[in-house]
Amino acid sequence: MQLSRTPGPSPAAVAGLVLAAGAGRRYGRPKALVRHRGSLLVERAVRTLVEAGCGPALVVLGAAADRVRADADLSAARVVGNPRWATGMGSSLRVGLRALAGTEAVAVVVLLVDMPGVSAEAVRRVAADATPACLATAGYGPGRRGHPVLLGREHWAGVCASAVGDSGAGGYLRQRLARVRIVPCADVADDADLDVPPAGATAPPAAGATAAAPDADGRPGRG
């Protein structure tokens, strides 16, 4: 995946982390393998972080990890596996943060794989002026906060200690709301997640089949 970087956070300053390990039970397949507007969701998430200037970009895989590695172009990211993915998103966040501990990143932008409406501009805004002590989330209107989320390096240990089940960093951030910077992003991003297939979508082909899986918007995907 050859991508050009646009002005944004220094590649050595702010890392990018895609959580893509879930089985997507309500969707019917791992969302990393869902095709949306011509590319897999996991590819789209990596592209968003890289185009925003984040580096290194890291992807945590779990369910169907071998198939995701085979089907997705993740050459622009470092890929790590979460053997405990079934315990919830918290374990994937811990795996990702621990994998980034050996880098020079002062902070990390966390992005969920099933939010294709998040743009590179939203990531740049949230990551602006990042420091090891910062906490920030995107804001989508009164009382609506969400991804991308920025976690300064000083908070990684605390987030790892509190991330259990599917809670991710939510509990940690709620306990520190006064310190969390809310960054307006509604004009450049959409916080909707792809929770269930759209009406008209059909089941994906079995592993090894040659037919193309449908796009998340119901259109045939590219093979």
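Along each chain, the written sequence defines residue order, and numbers are assigned to residues from 1. Totals for whole chains, interfaces and linings use every residue, but because this is a predicted model, local features are given only for residues with pLDDT of at least 70 and side-chain atom pairs only at 80 or more, for both listing and counting. Note that the side-chain values use all heavy atoms of the structure and ignore hydrogens as well as water.

Tell me about the sheet that holds strand 9 (residues 181–184), and please be specific about residues and values.
Strand order across the open sheet formed by seven strands is 5-4-1-6-8-7-9, with mixed pairing between neighbours. Only two strands of the sheet have a single partner each, and these edge strands are strand 5 (78–81) and strand 9. The mean inter-strand angle of the sheet, taken between neighbouring strand axes irrespective of direction, is 25°. With five bridges connecting them, strand 7 (residues 135–139) and strand 8 (residues 145–152) associate as antiparallel partners. Looking across to strand 8, one finds that Thr-137 is bridged to Val-149. Criterion used throughout: strands pair if DSSP finds at least two bridges between them. Each helix is a run of DSSP H or I of at least 4 residues and each strand a run of E of at least 2, with the numbering of both proceeding from the N terminus. The axes used here are C-alpha line fits, helices contributing only the stretch in contact, and every angle between their N-to-C directions lies in the interval 0 to 180 degrees.

Hey, could you go over the confidence of the model for the protein chain for me, with residue numbers and the actual values?
Every residue carries a pLDDT, the predictor's confidence in it, which falls somewhere between 0 and 100. For the protein chain, per-residue confidence averages 85 on the pLDDT scale, and 83% of positions sit at 70 or higher. Overall, residues 200–223 carries pLDDT values under 50, and its contacts beyond four positions in sequence, including any with other chains, amount to 39 contacts. The contact criterion used is simple: two residues touch if any of their non-hydrogen atoms lie within 4.5 Å.

Explain helix 3 (residues 89–100) residue by residue, including any values.
The span you would expect from a helix comes to 1.5 Å times its residue count less one. Taking 1.5 Å of rise per residue, the twelve residues of helix 3 would be expected to cover 16 Å, and the 17 Å separating its terminal C-alpha atoms lies within 8% of that figure. Regarding helix 3, the residues found buried are Gly-90, Ser-91, Ser-92, Leu-93, Arg-94, Gly-96, Leu-97, Ala-99 and Leu-100. Close packing links the buried residues of helix 3 with strand 1 (14–20), strand 4 (57–61), strand 5, strand 6 (107–112) and helix 5 (156–162). Here's how the labels work: a residue is buried when its accessible area is under 20% of the maximum for its type, exposed when over 50%, partly exposed in between, all with a 1.4 Å probe on protein chains only.

Go over the pairing of strand 4, please, and point to the residues and values.
Of all five residues in strand 4, five are buried, a share of seventy percent or more. Here strand 4 shows two buried faces, one formed by Ala-57, Val-59 and Leu-61 and the other by Leu-58 and Val-60. Here five bridges tie strand 1 to strand 4, and the two strands are oriented parallel to one another. Directly across from Ala-20, in strand 4, lies its bridge partner Leu-61. When strand 4 meets strand 5, the two strands line up parallel, connected through four bridges. By the bridge assignment, Val-59 is partnered in strand 5 with Val-79. Note on handedness: a clockwise path from strand one over the helix to strand two, with the strands aimed away from the viewer, defines a right-handed crossover. You can see the chain leave strand 4, run along helix 2 (residues 65–71) and come back into strand 5, and the turn it takes is right-handed.

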